[in-house]
Amino acid sequence: MSPESLAGRDLISLLDYTTEEIQEILDLACEVKANPDHYDRALEGKTLFMYFEKPSLRTRVTFEAGMTQLGGHAIYYTAADGKIGVRESVEDVARNLERWVDGAMCRTFSHEMIQNLARNSEIPIINGLTDLLHPCQALADYQTLMEVKGDLAGKKLAFVGDGNNVANSLMTAGARLGVHVTVITPKGYEPEGEMVAACRAAADTAGGTITIGNDLALVEGADAVYTDVWASMGQEAEQDKRNAEFRAYQINRKVMDMAGEDAIFMHCLPAHRGEEVTSDVADMPRSVIFQEAENRLHAQKAVMLQVMGGV
Ligand code: CP
Ligand code: NVA
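Residue numbers restart at each chain and count upward from 1, following the sequence in its written direction. Lettering of chains starts at A and numbering of ligands starts at 1, both following the order in which they are written. In view of the model being predicted, local features appear only for residues whose pLDDT reaches at least 70, and side-chain atom pairs are presented and counted only at 80 or more, with totals across whole chains, interfaces and linings using the full set of residues. Computation of side-chain values covers all heavy atoms of the structure but excludes hydrogens and water.

Observations concerning the site of ligand 1
Near is defined per residue: the residue qualifies when any heavy atom it owns lies within 4 Å of the molecule or strand. The environment of ligand 1 is made up of Ser 56, Leu 57, Arg 58, Thr 59, Arg 107, His 134, Gln 137, Cys 268, Leu 269 and Arg 296. The separation between an oxygen atom of ligand 1 and a polar side-chain atom of Arg 107 is 2.8 Å. Side-chain atoms alone can form a polar contact between residues adjacent in sequence; in general such a contact is a pair of N or O atoms within 3.5 Å, and within protein one must be able to donate a hydrogen while the other accepts it. Contacts to ligand 1 include Arg 296, whose side-chain N or O atom sits 3.0 Å from an oxygen atom. Gly falls in the polar group here, along with every residue not listed as nonpolar (Ala, Val, Leu, Ile, Met, Phe, Trp, Tyr, Cys, Pro) or charged (Asp, Glu, Lys, Arg). Residues that form the shell around ligand 1 fall into these classes: 3 nonpolar, 4 polar and 3 charged.

Structure, rendered in structure tokens:
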């Protein structure tokens, strides 16, 4: 599949992309990382609209810095400036934006809202995290896994914690890439069944597997152990309840030893040190958390180059 074929495409879920298209983005991300100067005018004169309903460090800074590095410009706009769907309908916002800018990256609570924006505008809409998915994170994570461990097909990634947006995205991309993804959660916090079924169907085609379980021993033999906060943005009221229910799922030295000495540690960040991960694990030599954060920049530059027509 040639990169041109991605021009104009939305990035809402990585299940909407083929194995070859995802690999194409990952390869371009590595190329952009190695030769950034080659792309410094690739999106000259283009504008990205960035909409945030939730806080952000990595997503906001990497998309904005990424646009600058590609010769374009990014506009930061939050729900405080005018909540989409409240001040004005989602459809009308979409029809305005497509007349001014070349792409939009949105971080919303509702996954349906971002789908609705995509349905109603001609410009590419990029998912910067919804309650359901965080595809840009998964792209940076698989770029990182590929850099550290080589070819992704057949690798084993064990996600421990809440079956949340990050877990879902690791499953969607992992399924397409032939990765063996295991999601280990406390009972009642498994990823939702429809998402698991869709990922299993994709994994069957690509040669990977999706395993869901509640037993921490499933980390054994993992190439990567991954965790995320126990209470995601919007779930703050459940923090205390979740802290109690997730306590046994903390990633500490014992869990890393259970995984094996070659297992790397991954986290999308922000981390709540002392909760889902101990500081000694977050800072151990085989922790790649800041490499993942760096790769947000490169992976998203690759996405913007492809969907906004810069390659
Ligand atoms: N990992 C991630 O998306 O970080 P931010 O919430 O800071 O953007
Ligand atoms: N699951 C987390 C990811 C943050 C990047 C959240 O949604 O808050």
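The discussion continues.
Some thoughts on the packing of helix 1 (residues 19-34) against helix 5 (residues 135-149)
For helices, the axis comes from a line fit to the C-alpha atoms of the stretch in contact; other axes are also lines fit to C-alpha atoms, and the angle between any two N-to-C directions lies between 0 and 180 degrees. Strands are runs of DSSP state E lasting at least two residues, helices are runs of H or I lasting at least four, and both sets are numbered from the N terminus onward. Where helix 1 meets helix 5, the axes come as close as 10 Å, and the angle between the chain directions of the two elements is 70 degrees. Here helix 1 lies roughly perpendicular to helix 5, going by the angle between them. Contacts between helix 1 and helix 5 involve Ile 22, Gln 23, Ile 25, Leu 26, Asp 27, Ala 29, Cys 30 and Lys 33 from the former and Leu 139, Tyr 142, Gln 143, Met 146 and Glu 147 from the latter. In terms of residue class, the contact of helix 1 with helix 5 is made up of 8 nonpolar, 2 polar and 3 charged. Orientation is classified from the angle alone, with under 35 degrees giving roughly parallel, over 145 giving roughly antiparallel, 65 to 115 giving roughly perpendicular, and any other angle giving oblique. By definition, residues are in contact when any of their heavy atoms lie within 4.5 Å.

A short note on the nonpolar core
Working definition of a nonpolar core: buried Ala, Val, Leu, Ile, Met, Phe, Trp, Tyr and Cys residues. They are joined through side-chain atoms within 4.5 Å. Think of it in three bands: with a 1.4 Å probe and only protein chains considered, a residue is buried below 20% of the maximum accessible area for its type, exposed above 50%, and partly exposed in between. Judged by nonpolar contacts, the single largest core of 62 residues is most densely connected at Leu 48, Ile 126, Leu 139, Tyr 142, Leu 157 and Met 304. Once residues lying within four places of it in the same chain are set aside, the contact partners of Met 304 are Leu 43, Leu 48, Phe 63, Gly 66, Met 67, Leu 70, Ile 126 and Gly 309. With 21 residues, the next largest nonpolar core counts Val 160, Ala 222, Tyr 249 and Ala 263 among its residues.

Some points on the pairing of strand 6 (residues 180-184)
Among the 5 residues in strand 6, 4 count as buried, and that is most of the element. The handedness rule is simple: strands pointing away from the viewer, and a clockwise path from the first strand over the helix to the second, make the crossover right-handed. Crossover handedness for the path strand 5 (residues 156-160) to helix 6 (residues 165-177) to strand 6: right-handed. Here, any two strands with at least 2 DSSP bridges between them count as paired. Direction of pairing for strand 6 relative to strand 7 (residues 209-213): parallel, over a ladder of 5 bridges. Counted as the bridge partner of Thr 182 is Thr 211 from strand 7. For the crossover from strand 6 across helix 7 (residues 193-206) to strand 7, the handedness is right-handed.

Digging into the site of ligand 2
Taken together, the residues surrounding ligand 2 are Leu 129, Asn 164, Asn 165, Val 166, Asp 228, Ser 232, Met 233 and Leu 269. Within the side chain of Asn 164, an N or O atom sits 3.3 Å from a nitrogen atom of ligand 2. A distance of 2.8 Å is found between a nitrogen atom of ligand 2 and a side-chain nitrogen or oxygen belonging to Asn 165. Here the residues of the shell around ligand 2 are counted per class, giving 4 nonpolar, 3 polar and 1 charged.

A look at helix 6
Here the expected span of a helix is defined as 1.5 Å times the quantity of residues minus one. When the terminal C-alpha atoms of helix 6 are compared, their 18 Å separation across 13 residues agrees well with the 18 Å that a helix rising 1.5 Å per residue should span. For helix 6, the complete set of buried residues consists of Asn 165, Val 166, Ala 167, Asn 168, Ser 169, Leu 170, Met 171, Thr 172, Ala 173, Gly 174, Ala 175 and Leu 177. N-capping of helix 6 is provided by Asn 164, with a side-chain oxygen placed 3.0 Å from the backbone N of Val 166.

A closer look at the sheet that holds strand 8 (residues 224-227)
Remark on secondary structure: sheet strands pair via backbone hydrogen bonds, oriented parallel or antiparallel. Ordered by their spatial adjacency, 5 strands build an open sheet running 7-6-5-8-9, and the pairing between neighbours is parallel. Either end of the sheet is taken by a strand with one partner, and the two such strands are strand 7 and strand 9 (264-267). Each strand of the sheet is rotated relative to its neighbour by a mean of 20 degrees, with strand direction disregarded. Bridging between strand 5 and strand 6 involves 5 bridges; their strand directions are parallel.

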